[in-house]
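Okay, here's what each chain looks like letter by letter:
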Amino acid sequence: MAKAERSRKDYLYASGSEALAFAYLEFEADLEAASAKDAAKIDALLKQEYCEFGRVRNSEKWNADEHRHKVGHAEYRVQAAKAYQCRVYGVEGSYNGSRAFFISAVEPKKKKDKADRKLLKTAAERAVELVAKIKGAKI
Amino acid sequence: MTDKRKAEYEIAYAEEAAVTKSQALIEWAMERAGVTQKELAKRLGISESAVSQLLGLSAQNLSVRRLGKILHVLEDELSISSKERDRWASERKARANDWTSVLRCTDYQHPVYAAVANDCVPDTSSYQVTQFEHRYHEMEDVA
């Protein structure tokens, strides 16, 4: 039996006056491994700052350059929303001309200062897969 | 999500959303005014590292009082509201609009509108206004 097609709504995580955030389907479940305080901080950053103001300016709360990672023939720059212990990775792009962040990986409790390279690579790969599923999305 | 986790998360989100939005507002106002952290520190009479802490992850010492002051020195003004208060205000406004649209449609012309239409200063305490409103409320009771 053919798989039921998912709509853009299934991936939409938040939207505001300046931007949108899409996430892979297991994101909310993965975020539950973080503390409530961390999960709340990440949510507030994405919903109240990124989506409403178009970007997060402070480097303590957002790392705009977690290096470029190759997927197929192209390279994608992974970015990170930062809470106290938790990091949420994704790739920035657009959705029908509006700024959009495609959330593709979570590190609920960061143990080292440096981000896990393997997880960053997964984040880039999953972002590409996510964008392919959303009509009108580009990275 | 367990009930305990949900309750913890909701309280934490209420706090974090308020802090995050406040910081984003400050940074937006700084950008709009072309003010750097160094200049903001000077205007507030505090150190640059104190400004950096205000805008950092834990938002140390960011109080409502300080937020008001910061926006003021950035030539902006803090406006505080809440979802329920906004809802209440918009319902009230909608009711007022209903009332004025009824006034415009009735056979009776409200003396205030009549005065404004004739470029006169309306006298809202006049006998005619009182009489008109009395008649309007009678109509409303009948309806």
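Everything that follows concerns the structure shown earlier in this document.
These numbers were taken from a predicted model, which means no experiment stands behind them. (Residues numbered from 1 in each chain as written. Chains lettered and ligands numbered in written order. Predicted model: local features only at pLDDT ≥ 70, side-chain atom pairs only at ≥ 80, totals over all residues. Heavy atoms only, no water.)

Colleague: Explain the packing of helix α3 (residues 36–53) of chain A against helix α1 (residues 3–33) of chain B to me, please; I cannot follow it from the model alone.
Modeller: In a pair of packed helices, the angle between the axes and the distance between the axes together describe the arrangement. Running from N to C, α3 of chain A and α1 of chain B cross one another at 35 degrees; their axes reach a closest spacing of 7 Å. For the element pair α3 of chain A and α1 of chain B, the recorded crossing hand is right-handed. Partitioned by chemical class, the residues of the contact of α3 of chain A with α1 of chain B number 14 nonpolar, three polar and ten charged. (Axes fitted to C-alpha atoms, helices over the stretch in contact; angles between N-to-C directions. Helix = DSSP H or I, 4+ residues; strand = E, 2+ residues; numbered from the N terminus. Left-handed = near helix turned anticlockwise from the far one by under 90°. Nonpolar A, V, L, I, M, F, W, Y, C, P; charged D, E, K, R; others polar.)

Colleague: Looking at this structure, how should I read the packing of aromatic side chains?
Modeller: Centre distance and the angle of the planes are the two values used to describe a pair of aromatic rings. All names here are of chain A. What the rule picks out here adds up to eight aromatic pairs over all chains. The interplanar angle of 55 degrees and the centroid separation of 5.7 Å between the aromatic rings of Tyr50 and Phe101 together place this pair among those described as tilted. Within this pair, whereas Tyr50 is found in helix α3, its partner Phe101 is found in strand β7 (residues 98–107), the two being separated by 51 residues in sequence. Taken together through their ring pairs, the aromatic side chains of Tyr13, Tyr24 and Phe27 make up a single cluster. Here the basic side chain of Arg126 rests over the ring of Tyr24, its NZ or CZ set 4.4 Å away from the ring centre. (Phe/Tyr/Trp six-rings, centres within 6.5 Å; stacked < 30°, edge-to-face > 60°. Lys NZ or Arg CZ within 6 Å of the ring centre and 35° of its normal.)

Colleague: Before we go on, may I ask you to explain the interface of chain B and chain A in this structure?
Modeller: Interfaces are often described in size by the accessible area the parts lose on coming together. Every contact between the two is made by 20 residues of chain B and, on the other side, 24 residues of chain A. Between chain B and chain A, roughly 2100 Å² of surface is buried when both sides are summed, and carbon and sulfur atoms account for 54% of that area. When the area that chain B buries against chain A is broken down by residue, the three leading residues are Arg5, Glu16 and Leu57 of chain B, summing to 32%. Linking chain B to chain A there are three salt bridges. We note a salt bridge from Lys41 of chain A to Glu16 of chain B, for which the minimum N-O separation is 3.0 Å. The tally of links from chain B across to chain A stands at 14 residue pairs in polar contact (both at pLDDT 80 or more). Here the residues of the side of chain B that touches chain A sort into eleven nonpolar, three polar and six charged. (Contact = heavy atoms within 4.5 Å. Buried area = accessible area lost by both parts, 1.4 Å probe. Salt bridge = Lys/Arg side-chain N within 4 Å of Asp/Glu carboxyl O. Polar contact = N/O pair within 3.5 Å; in protein donor to acceptor, adjacent residues only side chain to side chain.)

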